[in-house]
Amino acid sequence: MSRKILQTFCRLSRKSMDAVSQKSICTSSRLAAAKILDGVAIAKDMKDEVKAEIEGFVAEGRRPPNLCVIQVGEDPASKAYVTNKIKACKYTGITSEKIVLPVETTEEHLLSLIKEKSDSDEVDGLLVQLPVPKHITERKVCNAVHPSKDVDGFNIINIGKFCSDQKSFVPATPAGVMEILRRSGIETFGKNAVVCGRSKNVGMPLAMLLHADGVYETKAGDATTTICHRYTPPEQLKLFTKTADILVVAVGIPGLITADMVKEGVAVIDIGINRVKDEKTGKMKLVGDVDFEGVSKVAGHITPVPGGVGPITVAMLMKNTLTAYKKEITFE
Ligand SMILES: Nc1nc(=O)c2c([nH]1)NC[C@@H]1CN(c3ccc(C(=O)N[C@@H](CCC(=O)O)C(=O)O)cc3)C=[N+]21
Ligand SMILES: [Mg+2]
């Protein structure tokens, strides 16, 4: 046998032996389907913890925490999200006020309402559901919410603190993703994380949480973190996603991530929310950015859509509202 053939043979037999030993050792995730990270169950655990703590405060004679949610216009998706938030308030024992303003509300009127609620001793958490109508400047709205009540973490003071590794209100979706990883025992320290999407409310803060130094107040993940975005050439996107031990996708393109783009055993967190028509039934359905069927055969862990990150976002908002109530973060 020539040297070359022998080498090839050895390599092949080594590979097949690995496959055999892996199969016999690894009975669950790897070679079988990915473990589905149940967002509804994790969110329930988180809400139950908040609920128990609130019951304690109320038993001591304190008023429960309060959340004020302002919605401008009647966007159907916003309505659904706000409904979920109010429902979670009821479940956890947070009192809530939902204020729906007409779509033609002036910026001046909205800003004065935000100021009124920011000044009210009855309100602990305050948020304006985004997006706001085009004639209103989103940045002004976010900055009008007092930092100590800014449970969305969208005020520039909270963004500044957060980016300086200080304790702050952190946006619920990225904070929720870290919570999924933590509660599912998925290590970030020294791992490769790839974040697809660089939005100010999700991709950017999530990349911060994954890459920054865990010794500081934000308790970040110490992962080697790559950010991909709309100008990452498609053929390069795959090179990056293939390196990921943790792959987070928040882009808004159904089916963007396919099985050939991921490494075996990767933890996939799908933040996409896309309403598409079901080919079989003709009805509208919710899907993420990940080809769930294909990728779940290769991944070690994967979040579904719906029932993944969405419910955890809502649960994290409850946690942030409790934090605001306890005045755990100081703003001087
Ligand atoms: N000021 C502000 N704060 C936000 O936190 C905020 C926002 N604006 N604007 C929009 C995004 C998106 N977001 C979601 C909340 C709940 C679900 C959720 O409950 N999703 C369910 C399905 C809901 C459905 O059926 O549409 C699930 O994934 O299972 C999703 C997304 C919060 N956001
Ligand atoms: Mg969000």
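No experiment lies behind these values; they were computed from the predicted model shown.

**With respect to the environment of Val-249**
In this structure, Val-249 sits in strand S7 (residues 246–249). Under the C-beta neighbour-count criterion, Val-249 is labelled buried, with 25 such atoms within 10 Å. Taking the C-alpha atoms as reference points, Val-249 and Gly-153, 96 residues apart in sequence, are found 21 Å from one another. In contact with Val-249, other than residues within four places in its own chain, are Cys-196, Gly-197, Leu-256, Ile-257, Asp-270, Ile-271, Gly-272, Asp-289 and Val-290.

**A closer look at the domain arrangement of the chain**
In terms of domain boundaries, the chain breaks down into domain 1 (64–152) and domain 2 (167–311). Relative placement of domain 1 and domain 2: their C-alpha centres are 27 Å apart.

**Some points on the sheet that holds strand S5 (residues 192–196)**
Reading across the sheet, the six strands line up as S1-S11-S8-S7-S5-S6 and stay open at both edges, with parallel pairing between neighbours. A single partner strand is all that each edge strand has here, and the edge strands are strand S1 (35–36) and strand S6 (224–228). The pairing of S5 with S7 spans four bridges and is classified as parallel. What sits directly across from Val-195, in S7, is Val-248.

**Re the site of ligand 1**
Neighbouring ligand 1 are 18 residues; Tyr-81, Asn-84, Leu-130, Pro-306 and Gly-310 lie closest to it. Only helix H3 (76–92), strand S4 (125–128) and helix H11 (309–325) provide two or more residues apiece to the shell around ligand 1. Split into classes, the residues belonging to the shell around ligand 1 amount to 12 nonpolar, five polar and one charged.

**Some words on the packing of helix H7 (residues 172–183) against H11**
Their axes nearest at 8 Å, the elements H7 and H11 cross at an angle of 105 degrees. Accordingly, the angle class assigned to the pair H7 and H11 is roughly perpendicular. Counted together, Ala-172, Thr-173, Ala-175, Gly-176, Val-177, Glu-179 and Ile-180 of H7 and Val-309, Ile-312, Thr-313, Ala-315, Met-316, Leu-317 and Asn-320 of H11 form the full contact between these two elements. Each residue belonging to the contact of H7 with H11 can be placed in one class, and the counts come to nine nonpolar, four polar and one charged.

**Focus on unusual backbone geometry**
In this chain, Leu-130 is followed by Pro-131 through a cis amide linkage whose omega measures 0 degrees. Mapping Pro-131 onto the fold places it in the loop between S4 and helix H5 (138–144). The omega torsion across Val-305 and Pro-306 is -5 degrees, close enough to zero to call that bond cis. Mapping Pro-306 onto the fold places it in the loop between strand S11 (301–302) and H11. Positive phi, close to 50 degrees, is recorded for Lys-219, a residue that is not glycine. Relative to the helices and strands, Lys-219 resides in the loop between helix H8 (203–211) and S6.

**Comments concerning the packing of helix H2 (residues 39–59) against H3**
Their axes nearest at 8 Å, the elements H2 and H3 cross at an angle of 50 degrees. What the angle tells us is that H2 and H3 run oblique. Packed against H2, whose contacting residues are Lys-47, Val-50, Lys-51 and Ile-54, the element H3 presents Ala-88, Tyr-91 and Thr-92 at the interface. Looking at the contact of H2 with H3, its residues break down into four nonpolar, one polar and two charged.

**Thoughts on the sheet that holds strand S2 (residues 66–72)**
Within the open sheet, the three strands sit side by side as S3-S2-S4. Their pairing is parallel. Both edges of this open sheet fall to strand S3 (95–101) and S4, since each of them pairs with a single strand only. Averaged over neighbouring strand pairs, the angle between their axes works out to 10 degrees when direction is ignored. When S2 meets S3, the two strands line up parallel, connected through seven bridges. Across the sheet, Ile-70 pairs through a bridge with Ile-99, a residue of S3.

**So, H3**
Since the α-helix advances by 3.6 residues per turn, residues separated by three or four positions end up pointing in the same direction. Between its terminal C-alpha atoms H3 stretches 25 Å, which fits the 24 Å expected from 17 residues at 1.5 Å a residue. Among the residues of H3, Tyr-81, Lys-85, Ala-88, Cys-89 and Thr-92 are the ones counted as buried. In a view along the axis of H3, the buried residues occupy a sector of 105 degrees, so they form one face of it. Residues of H3 that are exposed and point more than 90 degrees away from the buried face comprise Pro-76, Ala-80, Thr-83, Lys-87 and Lys-90. Here the buried face of H3 lies against H2, S2, S3 and H11. Gly-93, located one to two residues past H3, shows a positive phi value of around 95 degrees.

**With respect to the environment of Asp-121**
Within the secondary structure, Asp-121 is located in the loop between helix H4 (107–119) and S4. We classify Asp-121 as exposed; it has 7 C-beta atoms within 10 Å. Here the alpha-carbon distance between Asp-121 and Asn-66, two residues 55 residues apart in the chain, equals 9.8 Å.

Thresholds applied
Residues numbered from 1 in each chain as written. Chains lettered and ligands numbered in written order. Predicted model: local features only at pLDDT ≥ 70, side-chain atom pairs only at ≥ 80, totals over all residues. Helix = DSSP H or I, 4+ residues; strand = E, 2+ residues; numbered from the N terminus. Buried ≥ 20, exposed ≤ 12 C-beta atoms within 10 Å, placed from the backbone. Contact = placed C-beta atoms within 7 Å. Domains from an automatic or database assignment. Pairing = 2+ DSSP bridges. Near = placed C-beta within 6 Å. Nonpolar A, V, L, I, M, F, W, Y, C, P; charged D, E, K, R; others polar. Axes fitted to C-alpha atoms, helices over the stretch in contact; angles between N-to-C directions. Parallel < 35°, antiparallel > 145°, perpendicular 65-115°, else oblique. Expected span 1.5 Å × (residues − 1). Arc of directions from axis to C-beta.

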